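Here are the chains, one letter per residue:
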Amino acid sequence: MLTITKKHTSEDVNTQLGETYYYTTYETAGKVKLAGDSIWGYKGADEVAVDSIQVIETVYDDGATSTMVNVTHDTTWDIYTDTGFEAAISKALGFDVAFTEQGMQDDGYASMET
C-alpha cells in the first residue's frame, strides 16, 4: 500500500508569462499493485515502489489552470497505461490522474496529469 510520509510546498511566479506555479512534492513509502493491463507488454514485478509524487499546478492570469503530476518509481516505462498504477496514484493524491502521452514516460518516471 502506498502512503504519503512527507509533504513539501513552494510557489514561483513568472510575471512575464503571467503564470504562477504551485509545487507540492510528496515523499512516499510502499508499493502499488499493478493491474497488469499495460498495452506495452510490461513483464516486470506486479508491485511497483513509488519514491515520490510531485504535483505542479499552473495558474494563468486568465484564471485557467493545468496540473502535471510527476511520479518516480522503481521499474521500466512500459507500465504506461496500467490502470492499477493510475488508480493507486489517484487514491494517494485524492483526485483522479491519468498518464500523459507515451513519449513522456521514462524508466523510473511516470508523467501524469489531471
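What counts, and where the lines are drawn
Residues numbered from 1 in each chain as written. Predicted model: local features only at pLDDT ≥ 70, side-chain atom pairs only at ≥ 80, totals over all residues. Heavy atoms only, no water. Helix = DSSP H or I, 4+ residues; strand = E, 2+ residues; numbered from the N terminus. Rg over C-alpha atoms; globule rule 2.2 N^0.38 Å. Buried < 20%, exposed > 50% of the residue type's maximum accessible area, 1.4 Å probe, protein only. Contact = heavy atoms within 4.5 Å. Areas by Shrake-Rupley, 256 points an atom, 1.4 Å probe, with all protein chains shown as cover. Pairing = 2+ DSSP bridges. Core = buried A, V, L, I, M, F, W, Y, C linked by side-chain atoms within 4.5 Å. Polar contact = N/O pair within 3.5 Å; in protein donor to acceptor, adjacent residues only side chain to side chain.

A. Representation of the overall build of the protein chain. Check the secondary structure of the protein chain and you find one helix and seven strands. When the helices and strands of the protein chain are read in sequence order from the N terminus, they spell out β-β-β-β-β-α-β-β. A globule of 114 residues ought to have a C-alpha radius of gyration of about 13 Å, and the protein chain, at 15 Å, matches this closely. In terms of principal-axis extent, the alpha carbons of the protein chain reach across some 45 × 30 × 20 Å. Considering the protein chain as a whole, with its 114 residues, one finds that 39% of them fall into the buried category. Long-range pairs, those at least 24 residues apart, make up 52% of the contacts in the protein chain with a sequence separation of at least 6. A total of about 6,400 Å² of accessible surface is found on the protein chain, and carbon and sulfur atoms cover 48% of it.

B. Representation of the environment of Gly 30. Take Gly 30: it is sitting in the loop between strand E2 (19-29) and strand E3 (31-33). With relative accessibility at 34%, the residue Gly 30 sits in the partly exposed group. For Gly 30 and Ile 4, which are 26 residues apart along the polypeptide, the C-alpha to C-alpha distance reads 8.9 Å. When sequence neighbours within four positions are dropped, the list of residues in contact with Gly 30 reads Met 1, Leu 2, Val 48, Ala 49 and Val 50.

C. Spatial organisation of the pairing of strand E5 (residues 65-73). Note: strand E4 (residues 47-60) against E5, nine bridges, orientation antiparallel. Residue pairing in the sheet places Val 55 in a bridge with Val 69 of E5. By the bridge criterion, five bridges tie E5 to strand E7 (residues 109-113) in an arrangement that is antiparallel. Its bridge partner being in E7, Val 69 is matched across the sheet by Met 112.

D. Here's a closer look at the nonpolar core. Ile 53, Val 71, Phe 85, Ile 89 and Met 112 are the most contacted members of the largest nonpolar core, which has 21 residues in total. When contributions to this core are tallied by element, the ones reaching two or more residues are E4, E5, helix H1 (83-93) and E7. Excluding residues within four positions of it along the chain, Ile 89 makes contact with Leu 2, Val 50, Ile 53, Val 71, Val 97 and Met 112.

E. Inspection of unusual backbone geometry at higher detail. Its identity is not glycine, yet Thr 81 carries a phi of approximately 85°, on the positive side. For Thr 81, the position within the fold is in the loop between E5 and H1.

F. Fine view of the pairing of strand E1 (residues 3-14). Of the strand pairs in this sheet, E1 and E2 are connected by 11 bridges, and their pairing is antiparallel. From the neighbouring strand, His 8 faces E2, where its bridge partner is Thr 25.

G. Structural detail: the side chain of His 73. Here His 73 lies in strand E5. Of the polar contacts made by the side chain of His 73, one reaches the backbone nitrogen of Thr 75; its length is 3.2 Å. Discounting residues that sit within four places of it in the chain, His 73 has contacts with Val 48, Ala 49, Val 50, Asp 51, Ile 79, Phe 85, Asp 106, Gly 108, Tyr 109 and Ala 110.

Any link to function would need more than the numbers given here.
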